[in-house]
Amino acid sequence: MSEDGDALVRQKCCLLDPLTPSQEKIPISLLSGFLGSGKTTLLQEMLQNKGGLKVGIVVNDMAAVNIDSKLVKTETKRGLTSFAGELVDSSDVMELQNGCACCSASEELLQQAIMKLLIVSAEREDPFDRIVIELSGVAEPKNIRKQFYEMEYAGHPALDYAELRNMVTVVDAANFLSMYQSAEGIQDRADLIEDDNNMVFTDRKIVDLLTEQVEVADYVLLNKADLVNDGQMERLKKIVSFLNPTADIIPSKFGKVDLSVVLGSERSSWVAQADDEDDFRSVEVHGHDHSHTECNDADCKDPSHAHDHSHAHDAACTDPTCTDTSHSHHAHTHDAACDDPECTDASHSHSHSHSHSHSHSHSHNDDPETKFGITSFVYTRRRPFHPDRLKAVIKMLPIKSSSSSGKEGWVIPGVAAGSREQSDNPMRNILRSKGFVWLSTYHRVALFWSHAGQFFDLKDFGMYWAATPLKFWPKSQDELKEIISDFGSKECEWGDRRQEIVFIGVDMQKEKIEALLDDCLLTDEEMELYRESASEFPDLVTVDWSAEPPRPRLRK
Ligand SMILES: Nc1nc2c(ncn2[C@@H]2O[C@H](COP(=O)(O)OP(=O)(O)OP(=O)(O)O)[C@@H](O)[C@H]2O)c(=O)[nH]1
């Protein structure tokens, strides 16, 4: 936004009276979904059949693919605007000009668009009940969620009046699974990257983006339900429910849904308040055997092994200029992996880990025995992997590299074309896997494993808490409790170092996958060598288990 534009908006802010204590901020919903999934159709539905709700909409799309904003621009008589072919009140729809919501630059534009809607509604003395922000088809919802945090910390006035409440993702039910299996990158698709004003540069795979859009959502609309049969819909529902166990999954035709549900007015949702690590844990918790009686830790002798991943982070950092590394460690978003096991470089982590209150009481039918054979489990161990052996197992994942055209491809059984070839590779039926990896060559740095369809990535997640100076640890009791639960018990020698990977798949052979991974763990002999070299770089923090509750303390 230009300085002039910003100044004008700020000047007009004085039109807005401060909220009284009894007034609630206007809930904002973020609307994600891949190109063509039906976002515009849903918005049109919102504008026409609001169910008594006054909805303000921010359209954010790249111009070439953004027929929507071009239509919004087409002013017609009586202040009405043509939106997706229908006439709507133009003041209900704001265009995010030259904005691409996958760029960080859009933070300013987002603020401006929300502010403009607020001013328009104040001018006509008819406030909105909801604001919906449509993200571009290639936008990354986690980034936009992060931009809201940044706006909050920067104290932008728009967020004195409105707040991010929930995240909605539209999925094309007819094409999701084939796109999920595609090896295409976003750069391979001209329709995704080019237009008159914007160019998107990313090496992201489509499946990686699709997965993020599904996983970071409170509501997943399986749209185009008319194009799939009941069995296909049921299977898709099941797969999506495993990718995102906390979401409400709602089939829809042409965006027809109960808006009072999807634009729910309840307090900020868990997903809207979460950070990247929380996103992981929601799946991880659901992937656990709920009995928690069995400890798979090769070294830990404590059967009560902590699996309590309850989240209730209360203290929020409100300092926009904060550089305190304790606000991080979680949610490390940069791409480059650090090769230095002793690295203490703060840039290896530490995008702000915003602490938020959230209760997560959503009930979910996670009965593993489904008729589609979709199951999930969590692999947990407290021994490092040997990098070479792990590499060999990673190669068994169902990832088809672009040069492997002659090799066996990967199919979701019963979904993709072609017969399902027999294979004794237990890794081939994994749809999605992600989690923390402890590699023997990375003593201080945790790695994060992310695999979805044809996409695989193993990257630096940040330093282990055991290796992080105590002064950088969070102060909040709830955060401490969560971190300490990752230390396991007093029997666990290696702090929060651990393998913790969720696997979601079809007809998975859990025992065989576990056995393959177990073979990657260091042998007792290798472990002795590891212990020897690690002793040169002792951890800085340990846990005082005798305290009630257990608390971190400097290692002597
Ligand atoms: N059969 C069927 N077609 C649908 C449905 N919903 C939307 N469509 C059609 O799918 C096409 C894409 O819908 P849009 O609403 O423009 O999708 P979008 O997500 O806004 O697309 P982009 O703006 O390109 O990101 C349009 O031709 C819609 O009419 C549905 O439930 N069933």
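Residues numbered from 1 in each chain as written. Predicted model: local features only at pLDDT ≥ 70, side-chain atom pairs only at ≥ 80, totals over all residues. Heavy atoms only, no water.

In the nomenclature of an unreviewed UniProt entry, the protein is known as CobW C-terminal domain-containing protein of Guillardia theta. Taken verbatim from the UniProt record of the protein, the Subcellular location (unreviewed entry) comment is "Plastid, Chloroplast". Its UniProt record gives the protein a comment under Catalytic activity (unreviewed entry), which states: "GTP + H2O = GDP + phosphate + H(+)". (UniProt positions renumbered as here; feature names shortened; annotations may be inferred.)

Visitor: Looking at this structure, how should I read the nonpolar core?
Guide: Considering soluble globular proteins, one finds that nonpolar side chains tend to be buried as a cluster. Core analysis: the largest hydrophobic core is formed by 34 residues, its most contacted members being Phe176, Tyr180, Val220, Leu222, Leu236, Val240 and Leu243. Of all elements in the fold, only helix H7 (176-181), helix H9 (206-215), strand S8 (219-223), helix H10 (230-243), strand S10 (374-381) and strand S14 (499-506) reach the threshold of two or more residues within this core. At six residues, the largest contribution of residues to this core is made by H10. Looking at which domains feed residues into this core, each of domain 1 (25-263 + 271-280) and domain 2 (381-401 + 434-556) supplies at least three. Among residues more than four places away in sequence, those in contact with Leu236 are Ala173, Phe176, Leu177 and Leu222. Of all hydrophobic cores here, the second largest spans 28 residues; its members include Met115, Leu135, Ala139 and Met151. (Core = buried A, V, L, I, M, F, W, Y, C linked by side-chain atoms within 4.5 Å. Buried < 20%, exposed > 50% of the residue type's maximum accessible area, 1.4 Å probe, protein only. Helix = DSSP H or I, 4+ residues; strand = E, 2+ residues; numbered from the N terminus. Domains from an automatic or database assignment. Contact = heavy atoms within 4.5 Å.)

Visitor: When you look at the packing of aromatic side chains in this model, what are you seeing that I'm missing?
Guide: Here a ring pair, both rings aromatic, is described through the centre-centre distance and the interplanar angle of the planes. This structure, assessed with the given rule, holds 12 aromatic pairs. Plain terms: the ring middles of Phe377 and Phe503 are 5.3 Å apart, the flat faces sit at 20° to each other, and that makes the pair stacked. In this pair, Phe377 sits in strand S10 while Phe503 sits in strand S14, placing the two residues 126 residues apart along the sequence. Taking the relative accessible area as the measure of exposure, Phe377 reaches 3% and is therefore buried. Aromatic pair Phe436 and Phe448: ring centres 5.5 Å apart, planes at 75°, arrangement edge-to-face. (Phe/Tyr/Trp six-rings, centres within 6.5 Å; stacked < 30°, edge-to-face > 60°.)

Visitor: Would you mind going over H9 with me for this structure?
Guide: Because an α-helix completes one turn every 3.6 residues, residues spaced three or four positions apart along the sequence face the same direction. With respect to burial, H9 is a largely interior element, 10 of its 10 residues being buried. Of all the positions in H9, only Ile206, Val207, Asp208, Leu209, Leu210, Thr211, Glu212, Gln213, Val214 and Glu215 are classed as buried.

Visitor: I'm lost on the site of the ligand in this one. Help?
Guide: The environment of the ligand is formed by 16 residues, the closest being Lys39, Thr40, Thr41, Asp226 and Phe254. Residue Asn223 places a side-chain N or O atom 3.0 Å away from a nitrogen atom belonging to the ligand. At a separation of 2.5 Å, an oxygen atom of the ligand approaches a polar backbone atom of Phe254. Taken by itself the ligand offers 650 Å² of open surface, and the protein chains cover 73% of this. At three residues, helix H2 (residues 39-48) tops the list of elements feeding residues into the shell around the ligand. (Near = heavy atom within 4 Å. Polar contact = N/O pair within 3.5 Å; in protein donor to acceptor, adjacent residues only side chain to side chain. Areas by Shrake-Rupley, 256 points an atom, 1.4 Å probe, with all protein chains shown as cover.)

Visitor: I tried to follow the sheet that holds strand S12 (residues 445-452) on my own but got confused; where do I start?
Guide: Taken together, five strands build an open sheet; the order of strands is S10-S14-S11-S12-S13 and the sheet is antiparallel. On the outer flanks of this sheet lie S10 and strand S13 (455-463), each paired with one strand and no other. Shown here is a sheet whose adjacent strand axes are inclined to one another by a mean of 10°, direction ignored. In this sheet, S14 lies alongside S10 in antiparallel orientation, the contact comprising eight bridges. Across the sheet, the residue bridging to Tyr379 is Ile501, located in S14. Each of S10, strand S11 (430-437) and S14 is contacted by helix H16 (residues 510-518), which is oriented at about 30° to S10, the strand it contacts most. (Pairing = 2+ DSSP bridges. Axes fitted to C-alpha atoms, helices over the stretch in contact; angles between N-to-C directions.)

Visitor: Even after reading the chapter, I still don't get unusual backbone geometry, so can you show me in this structure?
Guide: Negative phi is the rule for most residues except glycine; trans is the rule for most peptide bonds. Here Glu548 and Pro549 are connected by a cis peptide whose omega angle stands at 0°. Phi at Phe254 takes a positive value of approximately 50°, unusual for a residue other than glycine. Tracing the backbone shows Phe254 in the loop between strand S9 (248-251) and helix H11 (259-262). Of the residues examined, Phe254 reaches a relative accessible area of 54% and is grouped as exposed.

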